[in-house]
Amino acid sequence: MQTKTLEGRKALVTGAARGIGASIAEALAKAGASVMIGDILEDEGRKTAAHIETFGVSSGFTKLDVTDESQWESAVSATISALGGFDILINNAGIEITSLVVQIRPEDIRKMCDVNVLGTVLGMKHALLAMKPQGAAGKGGAIVNISSVAATIAFPAIAGYSATKSAVDRLTRIGAMEAGKLGYGVRVNCIYPGLIPTTMGMQLANDMVATGLAPDVNAAVAGVIDQTPLGHLAEVTDIADAAVFLCSNQARFITGIGLPVDGGMGM
Ligand SMILES: NC(=O)c1ccc[n+]([C@@H]2O[C@H](COP(=O)([O-])OP(=O)(O)OC[C@H]3O[C@@H](n4cnc5c(N)ncnc54)[C@H](O)[C@@H]3O)[C@@H](O)[C@H]2O)c1
């Protein structure tokens, strides 16, 4: 991949203290973008921001609970004032609470809807407002929402999570449609990552055992690999490289898509 494809760009990545979000933040920085880290985890988030600065770009941390609209307002302002603009949003923050359908607890579904659906749409709202002509940043840009392979297949024990990730897919397409038709100069796309052994991914593997769907964690992981034509789990950098591409000028005529980065699991 060509380097420095994002020279001079200004990004906010949510849920970037660790996992996929931290890897996306690093890849954006390596491609030349300045990157603000937004997360509820302050210590880890500040450490990630300090690491991002080692790539020679500006970075910073902004406390952001994506379910809280007033925190979105301050995170966007903090990004514009710290980085001198805002033209990339990665809506990555998400949670997964595993449950068989017959054991679903309403409060878990509400929590996932809050973070995964409301959090994503609030991010789209405040990014579009800031990036569109006459907005506080005003130079257009790119939004990438992190959906999941779970939006494209039927995987047991994650019905509620899969529903929220399908919603992210739909939000992406309608955001892209409105942004295109109304001349905002913002492209909106999403990525469907396959299973990755982050904190969330390993929790799911453990939950597969707890729900009786796999005898042990190794068998749970092996079951996913078995469903993956490329024959291994995804790595965080696989998702990060795809996010860099979708934000870059190489993707200038791409909007409203969901890009599977899942080794073929969802084909
Ligand atoms: N790991 C996987 O296998 C996998 C697969 C497909 C999609 N995804 C998606 O990728 C994204 C990142 O997942 P991950 O594996 O890195 O998870 P993770 O649990 O390792 O990291 C999630 C990050 O989001 C942050 N976060 C949680 N709630 C938040 C909130 N309300 N406001 C702001 N930040 C919040 C957490 O503090 C954490 O830093 C999620 O949207 C997830 O659904 C993950």
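Residues numbered from 1 in each chain as written. Predicted model: local features only at pLDDT ≥ 70, side-chain atom pairs only at ≥ 80, totals over all residues. Heavy atoms only, no water.

Q: Tell me about the nonpolar core, and name the residues and values.
A: General note: in soluble globular proteins, nonpolar side chains tend to be found buried as a group. Core analysis: the biggest nonpolar cluster contains 34 residues, and I24, L28, I90 and I191 have the highest contact counts within it. Among the elements that make up this core, the one with the highest residue count is helix α8 (residues 236-247) (seven residues). Those residues in contact with I191 that lie beyond four places of it in its chain are V144, N145, I146, S147, S148, I239, A242, A243, L246, L259 and V261. Counting 25 residues, the second largest nonpolar core, distinct from the first, contains L12, A93, A130 and M131. (Core = buried A, V, L, I, M, F, W, Y, C linked by side-chain atoms within 4.5 Å. Buried < 20%, exposed > 50% of the residue type's maximum accessible area, 1.4 Å probe, protein only. Helix = DSSP H or I, 4+ residues; strand = E, 2+ residues; numbered from the N terminus. Contact = heavy atoms within 4.5 Å.)

Q: I'd love a proper account of the side chain of R9, names of residues and values included.
A: Position of R9 relative to the elements: it lies in the segment before β1 (10-14). On the basis of relative accessible area, R9 is assigned to the buried category, the value being 17%. A polar side-chain atom of R9 sits 3.1 Å from a polar atom in the side chain of D87. Excluding residues within four positions of it along the chain, R9 makes contact with G32, A33, S34, D87, I88, G141, A142 and C247. (Polar contact = N/O pair within 3.5 Å; in protein donor to acceptor, adjacent residues only side chain to side chain.)

Q: Which residues make up the sheet that holds β1, and what values go with them?
A: Here seven strands make up an open sheet; going across it, the order is β3-β2-β1-β4-β5-β6-β7 and the pairing parallel. The strands lining the two open edges of the sheet, one partner per strand, are β3 (59-63) and β7 (258-261). On average, each strand axis in the sheet is tilted by 20° relative to the strand beside it, whichever way the strands run. Here three bridges tie β1 to strand β4 (residues 88-91), and the two strands are oriented parallel to one another. Residue V13 lies in a different strand from β4, and its bridge partner there is I90. Across the sheet, helix α5 (residues 159-181) touches β5 (141-146), β6 (186-193) and β7, and the angle it forms with β6 is around 160°. (Pairing = 2+ DSSP bridges. Axes fitted to C-alpha atoms, helices over the stretch in contact; angles between N-to-C directions.)

Q: Help me get a handle on the site of the ligand, residues and values and all.
A: In the vicinity of the ligand there are 29 residues, among which D39, N92, Y161, I196 and T198 approach most closely. D65 places a polar side-chain atom, nitrogen or oxygen, 3.1 Å from a nitrogen atom of the ligand. Residue N92 places a main-chain N or O atom 2.7 Å away from an oxygen atom belonging to the ligand. Protein burial of the ligand: of its 830 Å² of free accessible surface, 95% is covered by the chains. Taken together, the elements giving at least two residues each to the shell around the ligand come down to α1 (19-30), α5 and α6 (199-210). The leading source of residues in the shell around the ligand is α6, at three residues. (Near = heavy atom within 4 Å. Areas by Shrake-Rupley, 256 points an atom, 1.4 Å probe, with all protein chains shown as cover.)

Q: Describe in detail α8, supporting the description with residues and values.
A: One turn of the α-helix equals 3.6 residues, which is why residues spaced by three or four share an orientation. Under the 1.5 Å per step criterion, the end-to-end length of α8 is 17 Å for twelve residues, consistent within 8% with the ideal 16 Å. All of the buried residues in α8 are I239, A240, A242, A243, V244, L246 and C247. For α8, the secondary structure elements touched by its buried residues are α1, β4, β5, β6 and β7. (Expected span 1.5 Å × (residues − 1).)

Q: Describe the pairing of β1, with residues and values.
A: The buried fraction of β1 amounts to four of the five residues, a majority that puts the element mostly inside the structure. Alignment of β1 against strand β2 (residues 34-39), held across five bridges, turns out to be parallel. Across the sheet, residue V13 finds its bridge partner in β2, namely I37. In this view, the connection linking β1 to its parallel neighbour β2 by way of α1 has right-handed handedness. (Right-handed = clockwise from strand over helix to strand, strands pointing away.)

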